[in-house]
Amino acid sequence: QVQLVESGGGLVQAGGSLRLSCAASGRTFSDYAMGWFRQAPGKEREFVAAINRSGGSTHYTDSVKGRFTISRDNAKNTVYLQMNSLKPEDTAIYYCAANYVVVHITARQYDYWGQGTQVTVSS
């Protein structure tokens, strides 16, 4: 089992920044590809970003490219999502997820999930 705990969400004005963290425990963190997803009210959970085990390869959904950066620190068992130039449409609950070895951009292929952290961007 992998336990994931997100933190760093909050209320921010449009144009502002937030840094989300996801702390992992339970298994060897570097064995797992990591992803960030988000879910807005009334909408399906959507892919935001993913990173491979070493941190050398990243993937983003088009709407966040150039604004969000995913990174990981395997020594600290933590994955991050730096979010800049935030927009009201970024408002959602943000979830981190872990999958053994393989990077995916679809939610159903991830094995472990955190409880989520709320991000609210005011206009």
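Just so it is clear, the model here is predicted, and its values are computed rather than measured. (Residues numbered from 1 in each chain as written. Predicted model: local features only at pLDDT ≥ 70, side-chain atom pairs only at ≥ 80, totals over all residues. Heavy atoms only, no water.)

Undergrad: For the sheet that holds strand 1 (residues 3-7), give the residues involved together with the corresponding values.
TA: Judged by pairing direction, the sheet is antiparallel, and its four strands sit side by side in the order 1-3-8-7 without closing on themselves. Here the strands that pair on one side only, and so sit at the sheet edges, are strand 1 and strand 7 (68-73). On average, adjacent strands in this sheet sit at an angle of 15° to one another, irrespective of strand direction. Bridge count between strand 1 and strand 3 (residues 18-25): five bridges; the pairing is antiparallel. Across the sheet, Ser 7 pairs through a bridge with Ser 21, a residue of strand 3. (Pairing = 2+ DSSP bridges. Helix = DSSP H or I, 4+ residues; strand = E, 2+ residues; numbered from the N terminus. Axes fitted to C-alpha atoms, helices over the stretch in contact; angles between N-to-C directions.)

Undergrad: So what's going on with the pattern of salt bridges? Which residues, and what values?
TA: Two side chains with opposite charge may pair up if their charged atoms get near one another. Evaluated as defined, the whole model comprises four salt bridges. Between Glu 46 and Arg 38 there is a salt bridge whose closest N-O contact spans 2.6 Å. Across the salt bridge formed by Arg 67 and Asp 90, the nearest N and O atoms sit 2.8 Å from each other. Here Arg 67 is found in the loop between strand 6 (58-60) and strand 7, whereas its partner Asp 90 is found in the loop between strand 8 (78-83) and strand 9 (92-100), with 23 residues between them in sequence. Of the two residues, Arg 67 and Asp 90, neither departs from the other in class, the shared state being buried. (Salt bridge = Lys/Arg side-chain N within 4 Å of Asp/Glu carboxyl O. Buried < 20%, exposed > 50% of the residue type's maximum accessible area, 1.4 Å probe, protein only.)

Undergrad: How would you explain the side chain of Thr 117 if you had to name every residue and give the values?
TA: Residue position: Thr 117 is located in strand 11 (residues 117-122). Within polar-contact distance, the side chain of Thr 117 engages the backbone nitrogen of Gly 9 at 3.2 Å. Contact partners of Thr 117, with chain neighbours within four places excluded, come to Glu 6, Ser 7, Gly 8, Gly 9, Leu 20, Ala 92, Ile 93 and Tyr 94. (Polar contact = N/O pair within 3.5 Å; in protein donor to acceptor, adjacent residues only side chain to side chain. Contact = heavy atoms within 4.5 Å.)

Just geometry here; none of it tells us what the structure is for.
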